[in-house]
Amino acid sequence: MGAGEAGRVAGVRVATGGAAGVRAGDGGAEAEGTDAGVAQAEGAAGITDTGTPSVPTTVSDRPASPATVPDRPASSATASGRQAPHATAPTGAPAPTGVRARARLHARPDGRGGTALPVLEGEGPLAPRRTRGSGDAARVMLVGAMSGPLGGDRFGVEVHVAGGARLHVGSVAATLALPGQSGGEAHYDVRLDVADGGELRWLPEQLISVCGSDLRVATRVEVAPGGRLVLREEQVLGRTGESPGRLSSRLTVRVGGRPLLDQELACGPGAPGGWDGPAVLAGHRAVGQLLLVRPEFAEHPATARMLGECAALMPLAGPAVLVSAVATDALRLREVLDEALALLG
Amino acid sequence: MVRAAGAPMSRAALLVLADGRFPAGGHAHSGGAEAAVKAGRVTSAATLEEFCRGRLHTVGRVAAALAAAAALGIDPAELDAAADARTPSPALRATARRLGRQLLRAARACWPSPELDALAAAFPKGAHQPVVLGLTARSAGLGPEDAAHCAAYESVGGPTTATVRLLSLDPFEATAVLARLAPELDAVVEAAVAAARRAVLDGTDALPAASGPLLEIGAEGHAAWPVRLFAS
């Protein structure tokens, strides 16, 4: 399946067909570009690592067939992303309410030196899948089982990592913030919680703010004094050659209850002035942060350094390092963040 | 309206505190303008205006809210921790503390108060400048709006004066930039004070955390220059 117009962004893996636009479980839904074993669309029900399905609280307020879901970009790769997603909405249809969906992941030691996932559940567009981990870490991929978030949607992800557990969370493709039929803003809330002796690697793919979309992202992280965290956040303003939607994003991190990092970025139409000016983004279309929290940094803080012209590695006022970067596009942003991650180990 | 206890509101005190000649060391700092000029991002009055507008809505908004919160009497130590979390660049944290220490020295001479003495004792290396500014306003009998106005104005006034020197910009054109930003500045102050009042009840998470990635990154690059005209 070729990459459709709907998701063309240089250097970004976007599920343009298959799972995007189709409710998982419709049959034939298959994520593109996923790791083997990830794309089995076994429905939106969470599967625990003992194979027991958890409560499949799927979203039911949106028709399942893509043919009747004109506000989702169609699963066909020929769908034009330049067409307003709601352009084909039947007249007289009731205004749809947004999708509300939540995913929950709990990781704890399995007692045999590995990591168990007693809670691994998602619904609607949020489908977490356990994949092969490495060593004693469990690995989960978030599969976008539906496109979005669209205007009016409200997504939430909660992750808890207990002491002694190691969890690596990624996503199979970039997330596209899209305009919605009902208009209004979409919300994506992420809550991460790492206990003493736990480790979380939160490395999702990019968030792409599509023209006309309006998304508020809130990421709140609590790390216990002995917890470890690697967190990456990348935002891409518009698909290739496209002006961005409205995007507001706030990342709040506490370590041992003390504020470590609080960063908010608002851009796109309607954002406070100067967001694309020389103090904030200066025309760069990709912006990202890589955060590492480790107890060792309290004793041995990292040394600040530049990573090229548009990225800096900065020790925070706490046991952590932040790499902040802007770049012309998603590919170059990933290059610099990957370089930083390799540098920090 | 909440007013600092004891002293009556004084407009003249606000003029003294907001005066660019107030001996608090701000003139040695460009607020990132020197780095932006060197990078070729600020080259004219128009690009200076966009730079200042970006500062006003990010670090200016945060500084105004912190100053208003301190003027309202929120624990300065909590506000200082909130300021640290909102300042990832170690170069900018060091600058904020240096400026805070210098301001505190001047403030204790002008408006001595037990609260300023306690702040000096708690932060021998200096607290974040907007926190000191807010407590100074409180000691001078000023309110949270006054403190926020001082902080927001400083966030654009400093870089503007610096750019006049860096680019040999026409001072009339540069000051006109500030005049054009004035209505936005008033709006930022209003929002900042509202956030500070929420923080009295809800804690410092209610304060804004707007950031300018290029300000942070640029400050780290600037700190490593062997020779520079401004300290930051």
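If you're wondering where the values come from, they're calculated on a predicted model, not measured in any experiment. (Residues numbered from 1 in each chain as written. Chains lettered and ligands numbered in written order. Predicted model: local features only at pLDDT ≥ 70, side-chain atom pairs only at ≥ 80, totals over all residues. Heavy atoms only, no water.)

## Thoughts on the overall build of chain A
What chain A contains, in helices and strands, is two helices and 18 strands. Within the span of chain A, comprising 345 residues, buried residues form 56% of the whole. In chain A, once contacts between residues fewer than 6 apart in sequence are set aside, the share between residues at least 24 apart is 71%. Summed over all atoms, the accessible surface of chain A reaches about 13,400 Å², with 52% contributed by carbon and sulfur. (Helix = DSSP H or I, 4+ residues; strand = E, 2+ residues; numbered from the N terminus. Buried < 20%, exposed > 50% of the residue type's maximum accessible area, 1.4 Å probe, protein only. Contact = heavy atoms within 4.5 Å. Areas by Shrake-Rupley, 256 points an atom, 1.4 Å probe, with all protein chains shown as cover.)

## Observations regarding the interface of chain B and chain A
Facing the 33 residues of chain B at the interface are 35 residues of chain A. Here chain B meets chain A over a buried area of about 2,600 Å², counting both sides, of which 63% is carbon and sulfur. Of all residues in chain B, Asp205, Leu214 and Ile217 of chain B bury the most surface against chain A, accounting for 23% of the area lost on that side. On inspection of chain B and its partner chain A, the count reaches three salt bridges. Close ionic contact of Asp262 of chain A with Arg86 of chain B constitutes a salt bridge, the shortest N to O distance being 3.3 Å. (Buried area = accessible area lost by both parts, 1.4 Å probe. Salt bridge = Lys/Arg side-chain N within 4 Å of Asp/Glu carboxyl O.)

## Structural notes on the sheet that holds strand β2 (residues 115-121) of chain A
Residue and element names in this part refer to chain A. Taking strand neighbours across the sheet as the criterion, the seven strands line up as β2-β1-β5-β8-β11-β13-β14 in an open arrangement whose pairing is mixed. The sheet is open, and its two borders are formed by β2 and β14 (258-267), each paired with just one other strand. Neighbour-to-neighbour, the strand axes of this sheet turn through a mean angle of 10°, independent of strand direction. The sheet contact formed by strand β8 (residues 186-194) and strand β11 (residues 214-223) spans nine bridges and is parallel. What sits directly across from Asp189, in β11, is Ala218. (Pairing = 2+ DSSP bridges. Axes fitted to C-alpha atoms, helices over the stretch in contact; angles between N-to-C directions.)

## Points about helix α7 (residues 129-139) of chain B
Residues and elements named next belong to chain B. When you tally the buried positions in α7, you get ten out of eleven residues, the bulk of the element. Within α7, burial applies to Gln129, Pro130, Val131, Val132, Leu133, Gly134, Leu135, Thr136, Ala137 and Ser139. As for α7, its buried residues are in contact with α1 (11-18), α3 (45-71), α4 (76-85), α5 (90-110), α6 (114-122) and α8 (144-167). Just downstream of α7 lies Gly141, where phi reads positive at about 80°.

## Let's talk about the pairing of strand β6 (residues 166-171) of chain A
Residues and elements named next belong to chain A. Burial analysis of β6 places five of its six residues in the buried class, which makes it a mostly covered element. Two strands pair when backbone bridges link them, and β6 and strand β9 (residues 199-203) are joined in this way by five bridges, in the parallel orientation. The partner of His168 across the bridge, within β9, is Arg201.

## Looking at the confidence of the model for chain B
In this model, chain B carries an average pLDDT of 95, and 96% of its residues clear a pLDDT of 70 or more. Below pLDDT 50 for its whole length, residues 1-6 of chain B participates in ten contacts with residues either more than four positions away or in separate chains. (pLDDT = per-residue confidence, 0-100.)

## Quick notes on α8 of chain B
Side chains of residues three or four places apart in an α-helix project in the same direction, reflecting 3.6 residues per turn. Residue and element names in this part refer to chain B. Look at α8: 35 Å from first C-alpha to last across 24 residues, which is about the 34 Å you get at 1.5 Å a residue. At Glu154, α8 shows its largest bend, some 30°. A positive phi of about 50° marks Ser168, the residue just after α8. (Expected span 1.5 Å × (residues − 1). Bend = angle between axes of the 7 residues up to and from the residue.)

## So, the environment of Leu261 of chain A
Structurally, Leu261 of chain A is set in strand β14. Here the alpha-carbon distance between Leu261 of chain A and Ala320 of chain A, two residues 59 residues apart in the chain, equals 9.3 Å. With residues near it in sequence (within four places) discarded, Leu261 of chain A still touches Leu251, Thr252, Val253, Leu291, Leu316 and Leu322 of chain A together with Ala85 and Pro88 of chain B.

## Overview of the nonpolar core
Counting 123 residues, the largest nonpolar core has Val159, Leu167, Leu200, Trp202, Leu260 and Leu291 of chain A as the members making the most contacts within it. It is α3 of chain B that contributes the most residues to this core, 15 residues altogether. Excluding residues within four positions of it along the chain, Trp202 of chain A makes contact with Leu142, Val157, Val159, Val169, Val190, Leu192, Val230, Leu231 and Arg232 of chain A. Counting 20 residues, the second largest nonpolar core, distinct from the first, contains Val230, Leu313, Ala340 and Leu341 of chain A. (Core = buried A, V, L, I, M, F, W, Y, C linked by side-chain atoms within 4.5 Å.)

## What about the packing of α8 of chain B against helix α9 (residues 171-202) of chain B?
All names here are of chain B. Contact pair α8 / α9: the axes reach a minimum separation of 8 Å and the direction vectors enclose 150°. Relative to α9, the element α8 lies roughly antiparallel. In this structure, the crossing between α8 and α9 has a hand that is right-handed. Taking contact as the criterion, the partners of Pro144, Glu145, Ala148, His149, Ala152, Tyr153, Val156, Gly157, Thr160 and Val164 in α8 are, on α9, Pro171, Ala174, Leu178, Leu181, Leu185, Asp186, Val189, Val193 and Arg197. For the contact of α8 with α9, the class distribution of residues is 13 nonpolar, three polar and three charged. (Parallel < 35°, antiparallel > 145°, perpendicular 65-115°, else oblique. Left-handed = near helix turned anticlockwise from the far one by under 90°. Nonpolar A, V, L, I, M, F, W, Y, C, P; charged D, E, K, R; others polar.)

## Some details on the packing of aromatic side chains
What the rule picks out here adds up to two aromatic pairs over all chains. Ring centres of Phe155 of chain A and Tyr188 of chain A lie 5.6 Å apart, and the angle between their planes is 70°; on these two criteria the pair is classed as edge-to-face. Here Phe155 of chain A, found in strand β5 (residues 154-161), pairs with Tyr188 of chain A, found in strand β8; they are 33 residues apart in sequence, far enough to count as distant. Pair check on accessibility: Phe155 of chain A and Tyr188 of chain A agree, each one buried. Ring geometry for Phe22 of chain B versus Trp111 of chain B: centroids 5.9 Å apart, planes at 15°, classification stacked. Placement of Phe22 of chain B in the loop between α1 and α2 (33-38) and of Trp111 of chain B in the loop between α5 and α6 is noted, with a sequence separation of 89 residues between them. (Phe/Tyr/Trp six-rings, centres within 6.5 Å; stacked < 30°, edge-to-face > 60°.)

## Re the confidence of the model for chain A
Caution applies to low-pLDDT parts of the model: their predicted coordinates are not meant to be read in detail. Residues and elements named next belong to chain A. The pLDDT averaged across chain A works out to 80; a share of 72% of its residues lies at or above 70. Here residues 1-7 is modelled with pLDDT under 50, and outside its nearest four sequence neighbours on either side it reaches 24 contacts, counting other chains as well. A low-confidence stretch, residues 16-93 stays under pLDDT 50, and its non-local contacts, those more than four residues away or across chains, total 154 contacts.

## Let's talk about the side chain of Thr136 of chain B
With respect to the element layout, Thr136 of chain B can be found in helix α7. What Thr136 of chain B contacts, discounting residues up to four positions off in sequence, is Leu17, Leu103, Ala107, Trp111 and Leu116 of chain B.

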